[in-house]
Amino acid sequence: MSDKLANILKKSGSTEAVDPTIREYERRFRQLKNSDSGSGEDDHEEFNNLYYDVATDFYEYGWGRSFHFAPRVAGESLEASIKRHEHFLAHKLELRPGMVVADLGCGIGGPLLEIARFSGAKVVGVNSNAYQLERARKLAEEAKLTHLADFLHCDFLNVDAPDESFDAVYGIEATCCAPDKESIYGEAFRLLKPGQCFAAHEWCLTDRFDAENPLHLKIKNNLLLGTGLTDLDDQPTVDHALKSVGFEILETRDLAIPTGPSIPWYQPLVSPGFSLTGMRASAIGRWMTTQSLRVLEALRVVPQGAVRVSETLNIGAEGLAEAGKLGIFTPAYFFLARKPD
């Protein structure tokens, strides 16, 4: 199952750095978790890059080119549900040809390319990770969408663009990487033209999360470690941050809460494995990948540290699944907010 991943890792431009990078990431995570000040604006970019330098290939291998979740309806594939989730955001923002839109934290550009193709708008991806942007540009060329896709290599808290540059701004499960919500939402406010909208799918703790419950705290910590975060906010904090930077909230809802019969967003992470929703993302698929990598790493076919990365990501996947089953976390708190005229 890991032959494809082995080939990807061998082609990676920083294979010799995998082991020291994942060890430094884990050290920084422990340091930040033990610090009263948390992850500030001065160090969040370096922390995020440590994580995505080693996690990106695993994400693409196990999940696809769109690094986000989506609940499904019966008979709908995982890929189709992810695209529908992206189309929903484009529809809410009323994206259309002629508009210029910012994607904050665009990853390798999977959602960006789908939204550009679907809407006809030009989408500018913002990302501080050079490795991900290299992959995003290549995918845009392969899709023949370079006329609708552009990329900025910069921190999404300090975007290299003038005030009021964009007709819309969005983020898909990415703004959770910011050290605080006011900083990232304030930058979105700056970038937007007056009267235009900002939308996102935000990672949040729900009102079921109990900060005094040891099990909840353990699950949260595992989720954070394995997904490259140092903390999570709740939904009221998100709403307050939007208002505090000047936005008018038009709509909010948790898209993970079903409005009818559906398959939960975390199902691929807990499935027995032999399903059409993605063997590689499943618990057994992740275990098989790790065991295969253990052999390949011993044979020096893949870089040293590949197993450690896989194990860390598995901790995150298990944390996500447990948090989802308990209902203490959602990856899909949707909001639509408008910058006043």
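Scroll up a little and you will see the structure.
Presented here is a report on the structure given in the accompanying data block. Counting of residues starts from 1 at the beginning of each chain's written sequence and follows it residue by residue. Only residues with pLDDT of at least 70 are given local features in this predicted model, and only at 80 or more are side-chain atom pairs given and counted; all residues enter the totals for whole chains, interfaces and linings. Note that the side-chain values use all heavy atoms of the structure and ignore hydrogens as well as water.

1. Points about the packing of aromatic side chains
Any two of the Phe, Tyr and Trp rings considered here, Trp counted by its six-membered ring, make a pair once their centres fall within 6.5 Å; the pair's planes then place it as stacked at under 30 degrees, edge-to-face at over 60, or tilted in between. Inspection of the entire model under this criterion finds 18 aromatic pairs. On the basis of an interplanar angle of 55 degrees and a centroid distance of 5.3 Å, the ring pair of Tyr25 and Tyr51 is categorised as tilted. Here Tyr51 lies in helix α3 (residues 44–63) and Tyr25 lies in helix α2 (residues 18–33), a separation of 26 residues in the sequence. Here Tyr25 matches Tyr51 in class, with each residue buried. In this structure an aromatic cluster arises from ring pairing among Tyr25, Phe29, Phe47, Tyr51, Tyr52, Tyr59 and Phe67. Only when the NZ atom of a Lys or the CZ atom of an Arg is both within 6 Å of the ring centre and within 35 degrees of the ring normal do we say a charge sits over the ring. Here the guanidinium or amino end of Lys339 rests over the ring plane of Phe189, the centre of that ring lying 4.8 Å away. Numbering of helices and strands runs from the N terminus; a helix is a DSSP stretch of H or I covering at least four residues, while a strand is a stretch of E covering at least two. In this scheme, a residue with accessible area under 20% of its type's maximum is buried, one over 50% is exposed, and one in between is partly exposed, where area comes from a 1.4 Å probe on protein chains only.

2. Here we look at the environment of Val307
Residue position: Val307 is located in helix α12 (residues 306–326). Look at Val307 and you get buried, because its relative accessible area is 6%. For Val307 and Tyr51, which are 256 residues apart along the polypeptide, the C-alpha to C-alpha distance reads 15 Å. When checking whether two residues touch, look at their non-hydrogen atoms; a contact exists if any pair is within 4.5 Å. For Val307, the residues in contact, after removing those within four places along its chain, are Thr290, Leu293, Arg294 and Glu297.

3. Digging into the pattern of salt bridges
Any carboxyl oxygen of Asp or Glu that lies within 4 Å of a side-chain nitrogen of Lys or Arg is treated as forming a salt bridge with it. Tallied over the full model, the rule gives 21 salt bridges. Put simply, Glu46 and Arg28 hold a salt bridge, and the shortest N to O gap is 3.2 Å. Note that Glu46 is positioned in helix α3 and Arg28 in helix α2, a separation of 18 residues in sequence. Relative accessible area serves as the criterion here: at 45%, Glu46 is assigned to the partly exposed category. A relative accessible area of 8% places Arg28 in the buried class. Residue Glu76 is joined to Arg84 by a salt bridge in which the shortest nitrogen-to-oxygen separation is 2.8 Å. Several salt bridges converge on common partners, so that one network encompasses Glu60, Arg65 and Arg135.

4. Observations concerning the packing of α2 against helix α8 (residues 214–227)
Angles run from 0 to 180 degrees between N-to-C directions of axes, and those axes are lines fitted to C-alpha atoms, restricted for helices to the stretch in contact. Axis separation between α2 and α8 bottoms out at 10 Å; the angle between their running directions is 140 degrees. In terms of orientation, α2 and α8 fall into the oblique class. You can see that α2 and α8 cross each other, and the crossing is right-handed. From α2, Tyr25, Phe29 and Lys33 reach across to α8, where they touch Asn221, Leu224 and Leu225. Every angle not falling under 35 degrees, over 145, or within 65 to 115 is termed oblique; those three ranges are roughly parallel, roughly antiparallel and roughly perpendicular. Take the far helix as the reference: if the near one is turned anticlockwise from it by less than a right angle, the crossing is left-handed, and if turned clockwise, right-handed.

5. Quick notes on α3
Expected span of a helix: the number of residues minus one, times 1.5 Å. Spanning 20 residues, α3 covers only 25 Å between terminal C-alpha atoms, well under the ideal 28 Å at 1.5 Å per step. Here the bend at a residue is taken as the angle between two axes, fitted respectively to the seven residues that end there and the seven that start there. Largest kink in α3: about 50 degrees, centred on Ala55. Of all 20 residues in α3, 15 are buried, a share of seventy percent or more.

6. Observations concerning the state of the cysteines
Count a disulfide wherever a pair of cysteine sulfur atoms falls within 2.5 Å. Applying the stated criterion across every chain, the model contains 0 disulfides. Between Cys197, a cysteine without a disulfide, and Cys204, which holds the nearest cysteine sulfur, the sulfur-to-sulfur distance is 19 Å. Of all cysteine sulfurs, the one in Cys176 lies closest to Cys204, which takes part in no disulfide; the gap is 8.9 Å.

7. Considering the pairing of strand β5 (residues 192–205)
Here β5 lies mainly inside the structure; 11 of its 14 residues are buried. When strand β4 (residues 166–172) meets β5, the two strands line up parallel, connected through 6 bridges. Across the sheet, residue Ile172 finds its bridge partner in β5, namely His201. By convention, orient the strands away from the viewer: a clockwise path from the first strand over the helix to the second makes the crossover right-handed. Read from β4 through helix α7 (residues 181–191) to β5, the crossover connection turns out right-handed. DSSP calls a pair of strands paired once it identifies at least 2 bridges connecting them. Pairing between β5 and strand β7 (residues 329–338): 8 bridges, direction antiparallel. Bridging from a neighbouring strand, Ala199 pairs with Leu336 of β7.

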